[in-house]
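Per-entry structural report
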Amino acid sequence: MIVGEQTRLRAIEREDIPIFVRWLNDPEVRQYLEMYLPMSVAEEEQWFEAQLKDDTSRIFGIETEEGRLIGNIGLHNLDWKNRNALLGIVIAEREYWGRGYGTDAVTTLLDFAFNEMNLHRVSLSVYEFNERAVRCHEKCGFRHEGRAREALFRDGSYHDHFLMAILREEFISEDQSKA
Ligand SMILES: CC(C)(COP(=O)(O)OP(=O)(O)OC[C@H]1O[C@@H](n2cnc3c(N)ncnc32)[C@H](O)[C@@H]1OP(=O)(O)O)[C@@H](O)C(=O)NCCC(=O)NCCS
């Protein structure tokens, strides 16, 4: 377990797969994610087996202090030479949106990424219309690095992505300024 203030990050298990399928088939959740096709249990099982062997990603379940699984968070495209990775997060139990769980899970994972995995840089891409996610990542210390224009086609029109990233020294100095 990686313990945050409001959340705990734990290993994901085969038994979680039906929950993931429910989450990823919720259009309200999926609108913010890359995937756009309905997801089957078989596909999710395949993904689960593949990620067990994948040395370039680390995925965790996000639990509340009461032990309820509310989402997943992970580091992808892990690049051990340049010490960077891409962060992805989904809080999929919607009643938990906007209550600080995302900010806590991201901060907890960044602490682990920089202080245990010894990463140097964590980046992400977020859709411009996903204002809650942009705000959450800004609060965690991510800086805006650019805009990928009209990179997403969704619901009949094109949308921009924001590219955001945080460096280890920025995370550490922010942490120290709070202490
Ligand atoms: C994005 C996500 C991880 C954020 O987690 P969260 O727990 O909902 O977010 P938090 O409560 O920690 O922080 C959200 C912030 O955005 C603000 N916010 C909420 N809705 C907003 C909106 N429509 N516009 C602008 N800001 C908004 C909140 O007020 C809060 O900021 P504050 O603390 O300054 O008031 C979560 O909502 C989620 O998983 N959404 C669905 C999937 C997704 O978008 N994944 C990210 C893809 S990059």
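Cut-offs used in this document
Residues numbered from 1 in each chain as written. Predicted model: local features only at pLDDT ≥ 70, side-chain atom pairs only at ≥ 80, totals over all residues. Heavy atoms only, no water. Helix = DSSP H or I, 4+ residues; strand = E, 2+ residues; numbered from the N terminus. Rg over C-alpha atoms; globule rule 2.2 N^0.38 Å. Buried < 20%, exposed > 50% of the residue type's maximum accessible area, 1.4 Å probe, protein only. Contact = heavy atoms within 4.5 Å. Areas by Shrake-Rupley, 256 points an atom, 1.4 Å probe, with all protein chains shown as cover. Lys, Arg positive; Asp, Glu negative; His and termini not counted. Charge placed at Lys NZ, Arg CZ, Asp CG, Glu CD. Core = buried A, V, L, I, M, F, W, Y, C linked by side-chain atoms within 4.5 Å. Pairing = 2+ DSSP bridges. Axes fitted to C-alpha atoms, helices over the stretch in contact; angles between N-to-C directions. Near = heavy atom within 4 Å. Polar contact = N/O pair within 3.5 Å; in protein donor to acceptor, adjacent residues only side chain to side chain. 1 Å grid on protein atoms, 1.4 Å probe; cavity = no way out; pocket = protein on both sides within 12 Å on 5 of 7 lines; lining within 4 Å. Sits in = over half its atoms within 2 Å of the grid points. Nonpolar A, V, L, I, M, F, W, Y, C, P; charged D, E, K, R; others polar. Points joined across faces, edges and corners; volume = space filled by probe spheres on them. Salt bridge = Lys/Arg side-chain N within 4 Å of Asp/Glu carboxyl O.

Each helix and strand counted, the protein has six helices and eight strands in total. The C-alpha atoms of the protein give a radius of gyration of 16 Å, which matches the 16 Å a tight globule of 179 residues would have. Structurally, the protein occupies a C-alpha span of about 45 × 40 × 35 Å along its principal axes. Counting only residues that meet the buried cut, the protein has 44% of its 179 residues in that class. Sequence-distant contacts in the protein: of pairs separated by 6 or more residues, those separated by 24 or more amount to 60%. Counting every atom, the protein has about 10,100 Å² of accessible surface; 48% of that belongs to carbon and sulfur. Separation of charge centres in the protein, based on 22 positive and 33 negative side chains, amounts to 2 Å.

This part covers the nonpolar core. L75, L110, L119, V122 and F142 are the most contacted members of the largest nonpolar core, which totals 48 residues. Looking at which element gives the most residues to this core, the answer is helix α4 (residues 101-115), with seven residues. Excluding its chain neighbours within four sequence positions, the residues that come into contact with L110 are L87, V122, C140, F142, I166 and F171.

On to the sheet that holds strand β1 (residues 2-3). Strand order in the open sheet formed by eight strands is β1-β2-β3-β4-β5-β6-β8-β7, and the pairing between neighbours is mixed. Because the sheet does not close on itself, it has two edges, and the strands there are β1 and β7 (143-154). In this structure, strand β2 (residues 7-11) lies alongside strand β3 (residues 58-64), joined through five bridges in antiparallel fashion. The residue bridging L9 from the neighbouring strand is I62, located in β3. Its contacts with the sheet place α4 against β1, β2, β3, β4 (69-79), β5 (84-91), β6 (121-127) and β8 (157-167), and it is angled at close to 155° to β5.

With that settled, consider the site of the ligand. Taken together, 21 residues are adjacent to the ligand, and I91, G102, T103, N130 and K139 come closest. Between E131 and the ligand, the recorded distance is 3.2 Å, taken from a side-chain N or O atom to a nitrogen atom. The side chain of K139 places a nitrogen or oxygen atom 2.6 Å from an oxygen atom of the ligand. When atom positions are compared with the pocket grids, the ligand is found to occupy the largest pocket. Elements that contribute at least two residues to the shell around the ligand include exactly β5, α4, β6 and α5 (131-139). No other element matches α5, which puts six residues into the shell around the ligand. Among the residues making up the shell around the ligand, the classes are represented as 10 nonpolar, six polar and five charged.

Let us now look at the side chain of D104. By the element assignment, D104 lies in helix α4. With residues up to four places along the chain from it excluded, the contact list for D104 reads G4, E5, Q6 and T7.

When its volume is computed, the largest pocket comes out at roughly 1,400 Å³. Taken together, 47 residues form the lining of the largest pocket, with Y32, L33, G88, I89 and V90 sitting closest to its centre. Those elements giving two or more residues to the lining of the largest pocket turn out to be α1 (17-24), α3 (41-53), β4, β5, α4, β6 and α5. Residue composition of the lining of the largest pocket, by class: 24 nonpolar, 16 polar and seven charged.

Bringing the pattern of salt bridges into the picture now. If the charged atoms of two oppositely charged side chains come close together, the side chains can form a pair. A full pass over the atoms with the stated rule returns 14 salt bridges. For E93, the salt bridge identified is with R22, shortest N-O distance 2.8 Å. Here E93, found in the loop between β5 and α4, pairs with R22, found in helix α1; they are 71 residues apart in sequence, far enough to count as distant. Given a relative accessible area of 6%, E93 falls into the buried group.

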